[in-house]
Each structure stands twice: as structure tokens, then as C-alpha cells.
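Breakdown of the fold
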Amino acid sequence: MLSRGVKQLGRLRPCSQGILPSFACRGFASPTLPELTKDRYPHVKRGEFAKLDQNHLKFFRDLLGENRVLNDPSDCEIYNVDWNRNVRGYSDCVLKPKTTQEVSQILSFCNEHRLAVSPQGGNTGLVGGSVPVFDEIVLSLSLMNNIISVDDTSGILVCEGGCVLEYLDEQLANHGLMMPLDLGAKGSCQIGGNVSTNAGGLRLLRYGNLQGNVLGIEAVKANGEILDCLSALKKDNTGFHLKHLFIGSEGALGVVTKVAIQCPAKPQAVNLAFLGVKSFDNILTTFRRAKRELGEILSSFEMIDEQSIGAVMGHLKVKSPIDNHPFYVLFETQGSNDAHDQEKIHRFLENIMGDGTVLDGTVTNEPSKMRAIWDLRERIAEAFLHDGYVFKYDITLPLEKFYSIVDVMRERLGSDVLRCCGYGHIGDGNIHFTVTTKEFSKDILKRIEPFVYEFTSELKGSISAEHGIGFRKPQYIHYSKSDAAIHLMKELKKLMDPKGILNPYKVLP
Amino acid sequence: MDDYKFLFKVVLVGNAGVGKTCLVRRFTQGLFPPGQGATIGVDFMIKTVDVDNEKVKLQIWDTAGQERFRSITQSYYRSAHALILVYDISCQPTFDCLPDWLREIEEYASSKVLRVLVGNKIDREDREIPTHVGEEFAERHNMYFLETSAKEAENVEKLFMQIAEDLMKVSRFLCDN
Ligand SMILES: Cc1cc2nc3c(=O)[nH]c(=O)nc-3n(C[C@H](O)[C@H](O)[C@H](O)COP(=O)(O)OP(=O)(O)OC[C@H]3O[C@@H](n4cnc5c(N)ncnc54)[C@H](O)[C@@H]3O)c2cc1C
Ligand SMILES: Nc1nc2c(ncn2[C@@H]2O[C@H](COP(=O)(O)OP(=O)(O)OP(=O)(O)O)[C@@H](O)[C@H]2O)c(=O)[nH]1
Ligand SMILES: [Mg+2]
């Protein structure tokens with residue numbers, strides 16, 4: 001079935017630590033655990049699921065062996081707390097299958113015994129979707145981390161769902177290829193998690209979303225049935241496109257065990273520019289012009305405001321290569337000829353500075369400096385955690401209104417919060433609007449929600465651009481989806497997971 | 001659009017460590033940065049100055065001296081109005097490399113570009129290149145000449161203001177004719 005040029009890879013193991021969701025390695029100022037979700041959100045009631053008992057554990061141990069069944073509360077802790085430390089479950093059971101067969105047997109058993117399950121990848125999700133709400137069993141894909149094949153000619157990668165994104169990218173580099181997506185969590189997030197959240201990331205502008213790049217999926221349904229849609233064909237219009245059911249469904253319809261994904265060639269020339277500008281309007285002007293003048297090589301266009309960069313510089317001691325400005329733009333180009341690209345960039349910068357849009361900046365193709373600049377953008381989310389509690393909203397707004405949410409919220413919240421700021425993917429109209437406080441506050445929450453969703457909905461934006469719905473947002477999904485659409489989603493859920501064991505309390509209201 | 005009549009692009013080149021970045025920061029920010037690291041790639045900034053009650057914008061490009069960090073090599077010369085070629089008066093090799101830099105300038109820059117030779121770090125006691133040697137070199141190659149100290153803020157303002165004034169004169173002349 002494999003075409004020519006396919007190289008079979010041995011069993012490779014990623015050892016990337018990246019931003020693993022271990023508190024110790026993130027160096028928190030206060031490693032205190034968040035309140036249990038059941039206490040913080042008392043209106044959410046545990047479903048009619050069975051409670052884990054010794055017989056269940058025995059089945060799992062017989063299936064996976066002692067080592068791949070975690071039962072000790074301290075071992076289970078990191079699987080219970082989300083990356084943002086917003087929610088915490090109290091599961092006593094983490095399962096680590098190594099094969100699709102094992103996933104299938106686990107789910108079929110759980111389905112039969114009405115045991116609720118929370119599938120988990122790298123646990124970097126930002127909407128509380130990846131951890132148990134109550135005592136759901138955590139199904140961790142971490143040990144399903146093998147690359148199955150890489151086709152140098154077609155650029156198609158087939159791998160297991162637990163492969164860490166950065167690891168895949170490193171391996172693909174040996175084939176002159178790269179992953180079509182990149183995001184700040186790359187050192188920990190897994191391709192199965194990316195697919196399940198339909199993750200966007202830093203280069204969506206150029207390489208499109210996973211809906212286009214994922215060619216095939218193997219998934220296991222709630223009842224344990226294995227669904228092989230692992231076609232590695234670029235074109236395949238035979239029947240309904242079932243793979244799309246799993247892209248972005250956040251583990252509520254099935255567990256993604258394998259993925260076939262179309263990977264672009266690794267670019268020969270990469271350049272990165274970091275610019276300081278006076279106003280948000282100047283960012284839009286820069287973007288419009290960049291699209292026109294750098295169109296075919298532009299691969300990323302991101303913005304950061306002063307407070308966001310302040311968090312990275314202050315908490316993480318990352319230095320900015322340029323002076324302070326109210327706003328910053330980071331743009332990247334990828335092309336095949338460095339001289340051509342630099343020529344274009346240079347002319348573009350000259351023009352954009354010439355009319356006063358850009359005040360200050362730096363441009364480089366030196367990997368170490370590019371890394372340092374990317375850190376300013378990619379480590380923002382991490383930096384906020386040092387403030388204390390993070391209220392994070394991931395919304396799409398019409399571009400000209402992109403930053404208005406920050407201005408409006410600053411007025412509403414005043415000085416009662418530490419930070420009220422925004423950064424994000426200008427190229428996709430997607431802002432990560434963030435409020436931080438020393439600790440969680442119901443009062444602040446009430447002043448933000450549902451206002452932020454109403455505001456977004458009025459502007460015809462999306463209340464979740466790329467992070468999904470998870471546990472934090474089901475009650476708000478109606479701001480972005482019609483009743484009919486939500487109804488069909490519920491019907492699909494019923495069809496595919498009649499007992500509702502997969503990620504209960506999440507995604508759907 | 002801002003209100004200004006003149007916009008000039010000024011590019012600084014020269015060996016690593018001669019003080020290009022310090023000259024720029026002294027001029028744009030009025031400070032001498034402690035522990036200034038090597039420039040990687042190209043940094044650029046805008047500084048508006050007044051010449052004869054006219055607003056003149058200087059678009060300053062600070063390039064990397066180290067070969068391996070020179071991400072943008074040729075294109076930055078092309079549309080420059082002025083080129084500042086810097087050496088370190090306490091470091092002979094930075095002076096010896098000037099002909100190489102000139103060759104690059106000849107090849108890529110416009111023939112009308114204003115060229116300024118700058119001997120930096122005159123605050124230092126261990127001078128290796130006497131002023132007249134620099135002067136002669138500049139004269140021979142048809143360049144302006146100035147000695148500066150970014151550290152002591154000596155001649156830095158003068159360097160950029162002189163360039164602004166000169167470029168303005170030239171462009172006024174061209175406009176009038
Ligand atoms: C620093 C940082 C930066 C980020 N940047 C971006 C960004 O730029 N763009 C973006 O879109 N997102 C971003 N995210 C969030 C993003 O959704 C996740 O990082 C990533 O896609 C989730 O992958 P994961 O393996 O960690 O999944 P998890 O967090 O473990 O899970 C996320 C959801 O998917 C489900 N799930 C996980 N694996 C599977 C599987 N194999 N089968 C079925 N369901 C599964 C879980 O149940 C959960 O609902 C960022 C997160 C962080 C921490
Ligand atoms: N004494 C003295 N030292 C200076 C002066 N200008 C710069 N320096 C020092 O010279 C070193 C290099 O200065 P930079 O401005 O980084 O040199 P550069 O030409 O930009 O170097 P590259 O970016 O690598 O091309 C630093 O240690 C400065 O402190 C000066 O006028 N006097
Ligand atoms: Mg420098």
C-alpha cells in the first residue's frame with residue numbers, strides 16, 4: 001500500500017520535554033493546585049457513570065501491565081490539572097495504551113461498564129477539555145508515539161496520535177519536510193490533540209488548517225470499534241468525509257489513534273522581522289501592505305501588545321531586541337531563495353518605515369536570533385501564569401475590530417486586574433484576549449463573561465477561534481452556532497457515543 | 001502619513017565591534033548602552049530631526065559586522081542615500097578592511113550615495129590610527145570624514161545632522177532644477 005520513496009521508520013521515542021505540564025519544570029512562583037472543578041463549578045453534576053473499582057483496575061492491569069495503569073493519586077495529579085491551572089479533576093486512574101488494539105479494548109470495556117473517559121494528549125489544551133471534570137478515567141495517548149511512515153515524494157506523514165508535534169517536525173526535517181502547523185505548545189502537544197482541537201497556530205495563514213492538511217485518520221469509537229479512515233490520498237471523494245468528524249471534536253466522538261498528514265517542504269529561506277508600531281491601526285496597515293508586497297512568501301503575521309510582551313520580559317526575562325512601543329508585529333517569510341526574499345522584505349520595510357507606519361525594528365535569518373524573537377511571542381501564555389490566575393479568551397473578530405475587545409474590557413475592569421491585554425494571529429483575525437489577576441475571582445469572571453461572548457457575537461465573530469469549547473465554554477456555544485447546528489451535533493454525539501462516556505460535561509451544552 | 005518633507009535612508013557598515021550600534025543608540029536614544037551585544041541581522045529605526053525648521057526623517061539601518069550575521073547583504077545598500085563606513089581608531093584591522101567595504105559599496109550602492117568615513121572610539125587611549133591617516137584615506141576615496149566617540153557623545157549628533165543637512169541640500173538642488 002505504501003508508495004515508492006516511503007521509508008519505514010523504527011520505533012522512535014520523542015524525549016522532548018518542551019513545556020511539559022509538570023509544575024516543577026515550569027518554575028511557578030506558587031505551585032498551589034487550583035480548586036477542584038466540582039467545587040468551583042458546583043452547578044455541574046456528575047453523570048450516571050460507574051465508580052472505578054478493583055475489578056475495573058484488575059482488567060486494566062491485565063491488559064496493560066502494572067506500569068501503564070497509574071492509580072496513585074500523586075502520580076495522577078498532573079493528569080488532573082490543566083495547563084492553565086483553571087480546572088482540576090480527581091481521577092485515580094490514568095491508562096497508557098501503546099496500540100490501537102489496546103485503546104479499543106479499553107473503550108469497549110469502559111462503554112460496557114459505563115465508565116467515563118477523558119482522552120488526553122499533551123494536556124496543553126486551554127479550555128479545560130483535556131482533564132477529568134470529576135473522576136473520569138484519563139486515557140493518555142503519550143505512549144502511542146511512533147512514526148509509521150514518511151513519504152519523501154508526496155510529503156505524507158503517517159504516525160500515531162501521541163507523537164509530540166516538535167518531535168514530528170524534527171524527524172521530518174531529515175526528509176526536507178516540515179509539519180504544516182506550529183504553535184507555542186509544540187514541545188508537549190501531540191498530533192492527536194492538535195487534530196482533536198483542530199489547532200491553528202502560527203502559520204495557518206500560509207499552510208491552511210488541519211481540515212485541509214489531514215488526509216486520513218484512524219479513530220476508535222466509544223464502543224471500542226476501530227474506524228480506519230487512514231487514507232493517505234490527496235484526493236478521495238468516496239462517501240461522507242468521516243475524518244472531519246474527528247477534526248476539532250475534542251475527543252467527544254472518538255479517540256484519534258493514527259493520522260495521515262500532508263507536510264510541506266521545509267523552506268530554504270526563512271526570515272523573521274520584529275517591528276514596533278504606535279497604534280493598532282498601524283498594525284493593520286502593515287498587514288495589508290505585507291499581504292500585497294510579500295504575499296507569496298509571508299508565512300506568519302502576529303501581533304503583541306505592550307502588556308503582553310511586558311509579561312514575557314518581566315516574568316521570563318526574555319529580552320526584546322527593540323525599544324518599547326505600544327504594539328509589536330512579528331512577521332515571518334518562507335521561501336526558496338534567500339536573496340529574493342531579502343530583497344522583497346527590505347523594500348517592504350523601507351516603504352513601511354517611509355510613511356511612518358513602522359518606527360523601529362529588526363530583521364534576521366540567523367536561527368538563534370529568530371528563536372529569541374519567537375520566544376517573545378510563543379512564551380506569552382506561559383508568562384501570564386506567573387501573574388496568578390489567567391482568564392483567557394480565544395476569539396475571532398473582524399480585523400478592524402480585532403483590538404476593540406481589549407479597549408472595551410479595560411474600561412469595564414479598570415485597575416481591579418493585573419493585566420488586560422491581547423495578542424494573536426492577525427493573519428487569521430484571531431485574538432487571544434487575556435485578563436490576569438492574582439487569584440481566581442468570581443466577581444471578575446462575572447464582569448468578563450458572558451459580556452465577552454455577547455460582544456463577540458454582536459460583531460459576528462467566533463467565541464472560540466482555535467482552542468475549542470472544552471469544559472469552559474459549552475454554555476456559550478450558542479453565541480456562535482445556531483440551534484439547528486447544536487441539535488445535529490447532539491444527534492451525532494448520541495449516535496457515536498450513546499452512553500456519553502467520552503469527555504462528558506464538555507463541548508456540548 | 002506623518003508630516004515631513006524629507007526622508008533619507010542612512011546605512012551603517014563596517015567591521016564587527018567598531019561601534020555602529022552604539023553610534024546609533026547614542027544618536028536615537030541619547031545613551032551609551034552598557035554591554036551592547038553584536039548585531040544579528042539588521043536593525044532599523046526612524047529618527048526625526050529639524051533642519052532649517054523642516055522635519056527630516058532619517059531611516060537608519062544598523063547592519064551586522066560579523067559576516068555570519070549579515071542576513072541582508074546587498075539589498076540594504078541599494079536605495080541608501082548615505083552610507084556611514086565605521087572603523088575603530090584603536091584597532092588597525094578594522095581600518096585595513098576598509099578597501100573591502102568600499103568594494104562592496106561600489107558594487108551595490110548607488111553612485112550618488114553620500115559616503116562618510118567615521119573613526120570611532122576616540123575616547124580610547126590606545127589609538128592605532130592617527131587622525132591624518134583616516135583623513136587621507138577619506139580624501140582619496142572621495143568621502144566625508146569625522147572622528148567620533150559614541151561613549152563620550154563626541155561628534156555623534158554632528159555626524160547625523162551633517163548628513164541630514166547635506167542630503168537636504170542635494171535634494172533641494174535636485175528639486176529646484
Ligand atoms: C503555550 C501554548 C500555546 C498554544 N498555542 C496555540 C495556537 O497557536 N493555536 C492553537 O490552536 N492552539 C494553541 N494552544 C492550545 C492547543 O489547543 C493545544 O496546545 C493543542 O492543540 C492540544 O494538543 P494536546 O496534545 O496538548 O491536547 P490536550 O490538551 O491533551 O487535549 C485537548 C483536547 O483534545 C482531546 N484529545 C487529545 N488527544 C486526543 C486524541 N488522541 N483523540 C481524541 N481526543 C484527544 C482532549 O480530550 C481535549 O478535549 C496552545 C497552548 C499552549 C499551552
Ligand atoms: N571606548 C569606546 N567603546 C565603544 C565606543 N563605541 C562602541 N564601543 C564598544 O565597542 C563594542 C562594540 O560596539 P557595537 O556598537 O556593538 O559595535 P558594532 O559595530 O555594532 O558591532 P556589530 O554589531 O557586531 O557589527 C562595545 O563593547 C561598545 O561598548 C566608543 O565610542 N568608545
Ligand atoms: Mg551592532
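Bear in mind that the values here come from a model prediction, so they are computed numbers and not experimental data.

**Considering the packing of helix α3 (residues 54–64) of chain A against helix α5 (residues 100–112) of chain A**
All names here are of chain A.
- Axis separation between α3 and α5 bottoms out at 11 Å; the angle between their running directions is 170°. On the basis of their axis angle, the class for α3 and α5 is roughly antiparallel. When you trace α3 past α5, the crossing you get is right-handed. For the pair α3 and α5, the contacting residues are H56, F59, F60, L63 and L64 in the first and E102, Q105, I106, F109 and C110 in the second.
- The residue makeup of the contact of α3 with α5, split by class, is seven nonpolar, two polar and one charged.

**Re the sheet that holds strand β5 (residues 137–140) of chain A**
Residue and element names in this part refer to chain A.
- Pairing is mixed across the open sheet formed by four strands, whose spatial order is β2-β3-β5-β4. Unpaired on one side and paired on the other, β2 (69–70) and β4 (117–120) mark the two borders of the sheet.
- As judged from the two bridges shared by β2 and strand β3 (residues 94–95), these two strands associate in the antiparallel manner. In the strand pairing of β3, L70 is matched with V94.

**Side note on helix α5 (residues 131–140) of chain B**
Residue and element names in this part refer to chain B.
- All buried positions along α5 are accounted for by G134, F137 and A138. Seen from one end, α5 has its buried residues packed into an arc of 100°, which puts them on one side. Of the residues in α5, the exposed ones pointing more than 90 degrees away from the buried face are E139 and R140.
- Looking one or two residues past α5, N142 carries a phi angle of roughly 60°, positive in sign.

**Some details on the domain arrangement of chain A**
All names here are of chain A.
- Once the domains are mapped, chain A shows domain 1 (37–140), domain 2 (147–262), domain 3 (269–381) and domain 4 (388–496).
- For the pair domain 3 and domain 4, the summed buried area comes to about 1400 Å², and 60% of that belongs to carbon and sulfur atoms.
- Together, F280, M303 and Q307 form the three largest contributors to the area buried by domain 3 at its contact with domain 4, with a combined 35%.
- Our count for the contact surface shared by domain 3 and domain 4 stands at one salt bridge.
- Taken together, the connections running from domain 3 to domain 4 amount to ten residue pairs in polar contact (both at pLDDT 80 or more).

**Concerning the site of ligand 2**
All names here are of chain B.
- Close contacts around ligand 2 come from 22 residues, with K20, T39, G65, D123 and A150 the closest.
- Between ligand 2 and K20, the relevant distance is 2.7 Å, taken from an oxygen atom to a side-chain nitrogen or oxygen of the residue.
- Within the contact set of ligand 2, an oxygen atom lies 2.8 Å away from a backbone nitrogen or oxygen of T39.
- Out of a free accessible area of 650 Å², ligand 2 has 86% covered by protein chains.
- Here the element with the most residues in the shell around ligand 2 is helix α1 (residues 20–29); it accounts for three residues.
- For the shell around ligand 2, the residue count by class is seven nonpolar, ten polar and five charged.

**Overview of the interface of chain A and chain B**
- Counting residues at the interface gives 24 residues for chain A, matched by 25 residues for chain B.
- When the two sides are added together, the surface that chain A and chain B hide from each other amounts to roughly 2000 Å², 51% of it contributed by carbon and sulfur.
- Three residues stand out in chain A for area buried against chain B, namely H346, E350 and M353 of chain A, and they jointly supply 27% of the buried area on that side.
- Applying the counting rule to chain A against chain B returns 13 residue pairs in polar contact (both at pLDDT 80 or more).

**Brief notes about helix α4 (residues 98–108) of chain B**
All names here are of chain B.
- Among the residues making up α4, those that are buried are L98, W101, L102, E104 and I105. Considered in projection along α4, the buried side chains sweep an arc of 160° and stay on one side of the axis. Exposed side chains of α4 directed beyond 90 degrees from the buried face belong to R103, E106 and E107.

**A look at the coordination of the magnesium ion (ligand 3)**
Residue and element names in this part refer to chain B.
- Summarising the metal site, the magnesium ion (ligand 3) is bound by the protein donors T21 (OG1) and T39 (OG1), whose distances to it range over 2.0 Å. Taken as a pair, T21 in helix α1 and T39 in the loop between α1 and β2 (42–51) lie far apart in primary sequence, 18 residues in all. For the pair T21 and T39, a shared accessibility class is recorded, and that class is buried.

**Description of the site of ligand 1**
Residues and elements named next belong to chain A.
- Around ligand 1 there are 34 residues in total, and P119, G121, G122, T124 and G125 lie nearest to it.
- P119 is positioned with one of its backbone polar atoms (N or O) 2.6 Å from an oxygen atom of ligand 1.
- A distance of 2.8 Å separates a nitrogen atom of ligand 1 from a polar atom in the side chain of E466.
- Contact with the protein chains removes 98% of the 960 Å² of surface that ligand 1 exposes when unbound.
- Elements with a minimum of two residues in the shell around ligand 1: β4, α7 (191–197) and β10 (255–262).

**Digging into unusual backbone geometry**
- Of note, the bond from E449 of chain A into P450 of chain A is cis; its omega dihedral lies within 30 degrees of zero at 5°.
- By secondary structure assignment, the location of P450 of chain A is in the loop between α17 (442–448) and α18 (451–458).
- Here the phi dihedral of N198 of chain A falls at roughly 50°; this positive angle occurs in a residue that is not glycine.
- Mapped onto the elements, N198 of chain A comes out in the loop between α7 and α8 (204–207).
- A positive phi angle, close to 75°, is found at K121 of chain B, a residue other than glycine.
- Tracing the chain through its elements places K121 of chain B in the loop between β5 (114–120) and α5.

**Brief notes about the nonpolar core**
All names here are of chain A.
- Judged by nonpolar contacts, the single largest core of 82 residues is most densely connected at F331, L349, I405, F433 and I448.
- Residue assignment places this core across two domains, with domain 3 (269–381) and domain 4 (388–496) each supplying three or more.
- If sequence neighbours within four positions are ignored, I405 has contacts with I395, L397, I431, F433, V452 and F455.

Cut-offs applied
- Residues numbered from 1 in each chain as written.
- Chains lettered and ligands numbered in written order.
- Predicted model: local features only at pLDDT ≥ 70, side-chain atom pairs only at ≥ 80, totals over all residues.
- Heavy atoms only, no water.
- Axes fitted to C-alpha atoms, helices over the stretch in contact; angles between N-to-C directions.
- Helix = DSSP H or I, 4+ residues; strand = E, 2+ residues; numbered from the N terminus.
- Parallel < 35°, antiparallel > 145°, perpendicular 65-115°, else oblique.
- Left-handed = near helix turned anticlockwise from the far one by under 90°.
- Contact = heavy atoms within 4.5 Å.
- Nonpolar A, V, L, I, M, F, W, Y, C, P; charged D, E, K, R; others polar.
- Pairing = 2+ DSSP bridges.
- Buried < 20%, exposed > 50% of the residue type's maximum accessible area, 1.4 Å probe, protein only.
- Arc of directions from axis to C-beta.
- Domains from an automatic or database assignment.
- Buried area = accessible area lost by both parts, 1.4 Å probe.
- Salt bridge = Lys/Arg side-chain N within 4 Å of Asp/Glu carboxyl O.
- Polar contact = N/O pair within 3.5 Å; in protein donor to acceptor, adjacent residues only side chain to side chain.
- Near = heavy atom within 4 Å.
- Areas by Shrake-Rupley, 256 points an atom, 1.4 Å probe, with all protein chains shown as cover.
- Donors = N, O, S within 2.8 Å, 3.2 Å for Na, K, Ca; no water.
- Core = buried A, V, L, I, M, F, W, Y, C linked by side-chain atoms within 4.5 Å.

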